[in-house]
Amino acid sequence: IGQLVGRQRADEFVVFGRFPYYAKNDIVGPQPHGRQVWLHSSQKLETIFATLNSSLFYLFFVTYSDCFHLSNNVLLSFPIPQQILADQQLASPGQMLMEQLRVTADRKEIATQSGDKIAYEEFSASKCKPIIDEIDRVLAQHYGFTAEELDFILNYDIKYRLGADDEEEETTAD
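Residues numbered from 1 in each chain as written. Predicted model: local features only at pLDDT ≥ 70, side-chain atom pairs only at ≥ 80, totals over all residues. Heavy atoms only, no water.

Enquirer: Can you lay out the environment of Tyr160 for me, pointing to particular residues and giving the numbers?
Expert: Here Tyr160 shows up in helix 7 (residues 158-161). For Tyr160, a relative accessible area of 61% translates into the label exposed. Between the C-alpha atoms of Tyr160 and Ser126, which are 34 residues apart in sequence, the distance is 9.9 Å. (Helix = DSSP H or I, 4+ residues; strand = E, 2+ residues; numbered from the N terminus. Buried < 20%, exposed > 50% of the residue type's maximum accessible area, 1.4 Å probe, protein only.)

Listed below in structure tokens is the structure:
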């Protein structure tokens, strides 16, 4: 990704672009630990947004990070084939994913020990799994994955990512 993005402000940016909502003491602003990637094309925005919210990127993140912080190093080192940027098949589900995340977001509020009031949006990717799977199917074509590799990516860590409960686990164990 590092070779595809700019380092300066632009009209379009990704990694949750213009959301999620975050406010400290009713002052809306960027998240303190958020990552922004600056782009000069809305199609690139939707395509890179789709890619960074894919199960493929999640697998990369889990493999190369501390599984908690999305560092610039991890973000910018994710390999994206150049032809992906021109693929309209990714832009459309990327746009759908943005909208679905917005619609299903839950607004949360907390009070810090120092007395600050923090309001933020919390997303549940499990509510968007069909769209994410569509994104991964398109990505699999670009990366040349086999059907078995795609199946692994689609189902990687699925019990924890989708929040399967104990009752469902017991049912599948029988």
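Enquirer: Tell me what's going on with the sheet that holds strand 2 (residues 22-24), and back it up with residues and numbers.
Expert: Spatial ordering of the open sheet is given by 3-2-6-5, a layout of four strands whose pairing is antiparallel. Both outer strands of the open sheet, strand 3 (27-28) and strand 5 (106-111), are each paired with one neighbouring strand and no more. Of the pairings in the sheet, the one linking strand 5 to strand 6 (residues 117-122) comprises six bridges and is antiparallel in character. Residue Lys108 lies in a different strand from strand 6, and its bridge partner there is Tyr120. (Pairing = 2+ DSSP bridges.)

Enquirer: Requested: an account of the packing of helix 4 (residues 88-104) against helix 5 (residues 129-143), with residues and values cited.
Expert: One way to put it is that helix 4 packs onto helix 5 with a least axis distance of 9 Å and a crossing angle of 160 degrees. Classified by the interaxial angle, the pair formed by helix 4 and helix 5 is roughly antiparallel. As for the relative orientation of helix 4 and helix 5, their crossing is left-handed in sense. Residue-level inspection shows Gln89, Leu90, Pro93, Met96, Leu97 and Gln100 of helix 4 in contact with helix 5, the latter providing Ile131, Ile132, Glu134, Ile135, Val138, Leu139 and Gln141. Class assignment of the residues belonging to the contact of helix 4 with helix 5 gives a composition of nine nonpolar, three polar and one charged. (Axes fitted to C-alpha atoms, helices over the stretch in contact; angles between N-to-C directions. Parallel < 35°, antiparallel > 145°, perpendicular 65-115°, else oblique. Left-handed = near helix turned anticlockwise from the far one by under 90°. Contact = heavy atoms within 4.5 Å. Nonpolar A, V, L, I, M, F, W, Y, C, P; charged D, E, K, R; others polar.)

Enquirer: Mind laying out the pattern of salt bridges, listing which residues take part and the relevant values?
Expert: In total, this model carries six salt bridges according to the counting rule given. The partner of Asp116 in a salt bridge is Lys24, with the nearest N and O atoms 3.8 Å apart. Residue Asp116 is located in the loop between strand 5 and strand 6, and its partner Lys24 is located in strand 2; the two are separated by 92 residues in the primary sequence. Residues Glu121 and Arg107 are paired through a salt bridge, measuring 3.7 Å at the closest nitrogen-oxygen approach. Residue Glu121 is located in strand 6, and its partner Arg107 is located in strand 5; the two are separated by 14 residues in the primary sequence. Taking the relative accessible area as the measure of exposure, Glu121 reaches 18% and is therefore buried. For Arg107, a relative accessible area of 49% gives the class partly exposed. (Salt bridge = Lys/Arg side-chain N within 4 Å of Asp/Glu carboxyl O.)

Enquirer: Tell me about the pairing of strand 6, and name the residues and values.
Expert: Judged from the three bridges that link them, strand 2 and strand 6 form a sheet pairing that is antiparallel. Bridge pairing links Lys24 to Ile118 in strand 6.

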